[in-house]
Amino acid sequence: MPAPVPPLSSPPLAAADDALSEQPVSGAGHRLRITLLMAGSCLPILGAVLIAPVLPRMRDHFAGTPGVEALVPMALTIPALSLALLAPFAGIVVDRLGRKRLLVIATALYAVVGTAPLWLDSLGAIVASRALVGVVEAAIMTCCTTLIGDYYSGRQRDRYLAMQTMCASISATAFFVLGGAAGSAGWRTPFWAYAVSLLLAPAMAAFLPRPRPTGNTTAPSPVAPADTTAVPSPAAPPEPAGRSFPWRPLAGTCALTVFGAVLFYTVQVEMAFLLDDMGVTDPGMIGLAIAASSLATVIGAVVFTRLGRTPDAWLPAVFALCALGFAVIWLAPGPVVLTVGAMINCFGGGIMLPSLLTLALSKLDYADRGRGTGLWTGSFFIGQFICPLVVLALTSALGSLTGALGVLALAGSVGAVALGLAGRRRVPLTAG
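Residues numbered from 1 in each chain as written. Predicted model: local features only at pLDDT ≥ 70, side-chain atom pairs only at ≥ 80, totals over all residues. Heavy atoms only, no water.

A.B. asks: Explain the overall build of the chain residue by residue, including any values.
C.D. replies: Across its full length, the chain carries 14 helices and 2 strands. When burial is assessed residue by residue, the chain has 53% of its 432 residues classed as buried. Counted over contacts in the chain with a minimum sequence separation of 6, partners at least 24 positions apart contribute 83%. (Helix = DSSP H or I, 4+ residues; strand = E, 2+ residues; numbered from the N terminus. Buried < 20%, exposed > 50% of the residue type's maximum accessible area, 1.4 Å probe, protein only. Contact = heavy atoms within 4.5 Å.)

Set out below in structure tokens:
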């Protein structure tokens, strides 16, 4: 729970630096660049939801395989586990090998390991290939987020980090529908969708400029055309001798991100079960309710781009919103009120996730951005992976799923109060 999280270091100074060094980027090359980065950011979502609709068919196909009941669900979840464990190491490789080079290599490999189940006949081999999907997803997600931090600064960077959340929510719904439609032709068919990365990899190689640090944070940064080989990274001052990685301030943000990811993903994971407990069994109605909550996430991400203060200023209110959503679900007398509670929770989550990522990036210099982004990404996906385990443990202890969400409402409220108190303790320091 959030009590032991170290107080977040105050980012007003970092925000002020960003404001001074913000150099808005525009032009055709910029539009193509951000399109490629958003497309790359959606690839891990593809791995997370695409095959969900065909899991029953996959289980039937491997019905004679020992451990099939555990291995088939693992084919869906193990990429997230691999991503969570390996994203911090991917961040180190990003800083040493280079963002663009690793992104192009990983995107090409994504097609190879992603389509492997088309040719594999062993369930164990398929699960192993899915673990490799998580490995390349760790590199792709870390590179895309790091490059956004490299190419952009200030409010423009914040907008594109929020756009990542919007694209993830929209693509999750689209990929779920795509997986279901393709699955009607056979359980292997959805795996062909992984081949789309073969189109992205050469485009990234051709049109993404190679970022480089610049020692001038006040002069305007030249806008690189689409075919430029290198572009200065805004707000990247010279590295001081003996500079150390900001472990302590980033650790607080990463710990808070694990907790926030649990609060965010609980509703998405458990929504169908909550509605089923209320007697809603029609897949169309369940899908409509989930789509409404996903729309609320997108709206929250849009609101984030309109907020004018630093992220830690509104994080207490955002965690309170998530807690309120859980409380409404906990006390909901029917499916309509339950859906309203889910929308409140997801609206808060849509603001929370880009806020936490922006807060993490505000602590990182250019040389540390890959490693720091990898640590944040790993923390986020650890929260996603442990979310159903936390809910299962609470449900077992309390005897009901709604009771488990009541506990999460309390935990979110405690987190909001703790963040609020931590923010008030920082005010005299920043004011003086």
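We are not done yet, so read on.
A.B. asks: Go over the nonpolar core with me, naming the residues and quoting the values.
C.D. replies: By size, the foremost hydrophobic cluster in this structure holds 112 residues, and its most contacted members are Leu 37, Met 58, Leu 103, Tyr 110, Leu 208, Phe 319 and Met 352. Here the element with the most residues in this core is helix 6 (residues 123–151); it accounts for 15 residues. When sequence neighbours within four positions are dropped, the list of residues in contact with Phe 319 reads Leu 256, Phe 259, Gly 260, Leu 263, Met 352, Gly 412, Ala 416 and Leu 419. (Core = buried A, V, L, I, M, F, W, Y, C linked by side-chain atoms within 4.5 Å.)

A.B. asks: For a nonpolar patch on the surface, give the residues involved together with the corresponding values.
C.D. replies: Nonpolar side chains collect at one region of the surface, where Leu 85, Leu 86, Phe 89, Leu 132 and Val 135 lie side by side and expose about 440 Å² of accessible area between them. Residue contributions to the nonpolar patch peak at 3 residues, all from helix 4 (residues 68–97). Topologically, Leu 85 is positioned in helix 4. (Patch = residues over 30% accessible without salt bridge, like charges linked within 9 Å, V, L, I, M, F, W, Y side chains within 5 Å. Areas by Shrake-Rupley, 256 points an atom, 1.4 Å probe, with all protein chains shown as cover. Salt bridge = Lys/Arg side-chain N within 4 Å of Asp/Glu carboxyl O.)

A.B. asks: Please give an account of the side chain of Thr 373 that cites residues and values.
C.D. replies: By the secondary structure assignment, Thr 373 is in helix 13 (residues 369–398). By relative accessible area, which is 1% here, Thr 373 ends up buried. One polar contact links Thr 373 to Thr 146, side chain to side chain, over a distance of 3.5 Å. Excluding residues that lie within four positions of it along the chain, Thr 373 makes contacts with Thr 142, Thr 145, Thr 146, Leu 361 and Leu 364. (Polar contact = N/O pair within 3.5 Å; in protein donor to acceptor, adjacent residues only side chain to side chain.)

A.B. asks: Explain the pattern of salt bridges to me, using residue names and the numbers behind them.
C.D. replies: Once their charged atoms are close, side chains differing in charge can pair, the charge on each being opposite to the other. Tallied over the full model, the rule gives 2 salt bridges. Between Asp 150 and Arg 99 there is a salt bridge, with the nearest N and O atoms lying 2.5 Å from each other. Remark: Arg 99 occurs in helix 5 (residues 99–114) and Asp 150 occurs in helix 6; sequence separation between them is 51 residues. Judged by its relative accessible area of 0%, Asp 150 falls in the buried class.

A.B. asks: An account of the environment of Gly 348 is requested, with residue identities and associated values reported.
C.D. replies: Along the chain, the position of Gly 348 falls in helix 12 (residues 335–361). A relative accessible area of 0% means that Gly 348 is categorised as buried. Spatially, the C-alpha atom of Gly 348 lies 9.7 Å from that of Leu 263, the residues being 85 residues apart in sequence. Those residues within four positions of Gly 348 in sequence are excluded, and the remaining contacts are Val 318, Leu 321 and Cys 322.

A.B. asks: Which residues make up the packing of aromatic side chains, and what values do they have?
C.D. replies: If you walk through the whole model with that rule in mind, you get 13 aromatic pairs. With a centroid separation of 6.2 Å and 85 degrees between ring planes, the pair formed by Tyr 151 and Tyr 152 is classed as edge-to-face. Exposure class is identical for Tyr 151 and Tyr 152. Each is buried. When the centroid spacing of 6.4 Å and the interplanar angle of 90 degrees are considered together, the rings of Trp 187 and Phe 191 count as edge-to-face. (Phe/Tyr/Trp six-rings, centres within 6.5 Å; stacked < 30°, edge-to-face > 60°.)

A.B. asks: Report on the state of the cysteines, specifying residues and quantitative values.
C.D. replies: Applying the stated rule across the entire model yields 0 disulfides. Unpaired in terms of disulfides, Cys 143 finds its nearest cysteine sulfur in Cys 144, a separation of 7.0 Å. (Disulfide = S-S within 2.5 Å.)

A.B. asks: Go over the side chain of Ser 197 with me, naming the residues and quoting the values.
C.D. replies: Position of Ser 197 relative to the elements: it lies in helix 8 (residues 197–207). Leaving out residues up to four positions away in the same chain, Ser 197 has contacts with Leu 43, Thr 107, Tyr 110 and Ala 111.

A.B. asks: Describe the packing of helix 9 (residues 247–277) against helix 11 (residues 311–331), and please don't skip the residues or the numbers.
C.D. replies: At a minimum axis separation of 12 Å, helix 9 and helix 11 run at an interaxial angle of 25 degrees. When the axes of helix 9 and helix 11 are compared, the pair comes out roughly parallel. In the packing of helix 9 onto helix 11, the handedness of the crossing is left-handed. Contacts between helix 9 and helix 11 pair Leu 256, Phe 259, Gly 260, Leu 263, Thr 266, Val 267 and Leu 274 from the former with Leu 315, Phe 319, Phe 326 and Ile 329 from the latter. Looking at the contact of helix 9 with helix 11, its residues break down into 9 nonpolar, 2 polar and no charged. (Axes fitted to C-alpha atoms, helices over the stretch in contact; angles between N-to-C directions. Parallel < 35°, antiparallel > 145°, perpendicular 65-115°, else oblique. Left-handed = near helix turned anticlockwise from the far one by under 90°. Nonpolar A, V, L, I, M, F, W, Y, C, P; charged D, E, K, R; others polar.)

Note that every value here comes from positions in space, so none of it alone points to a role or purpose.
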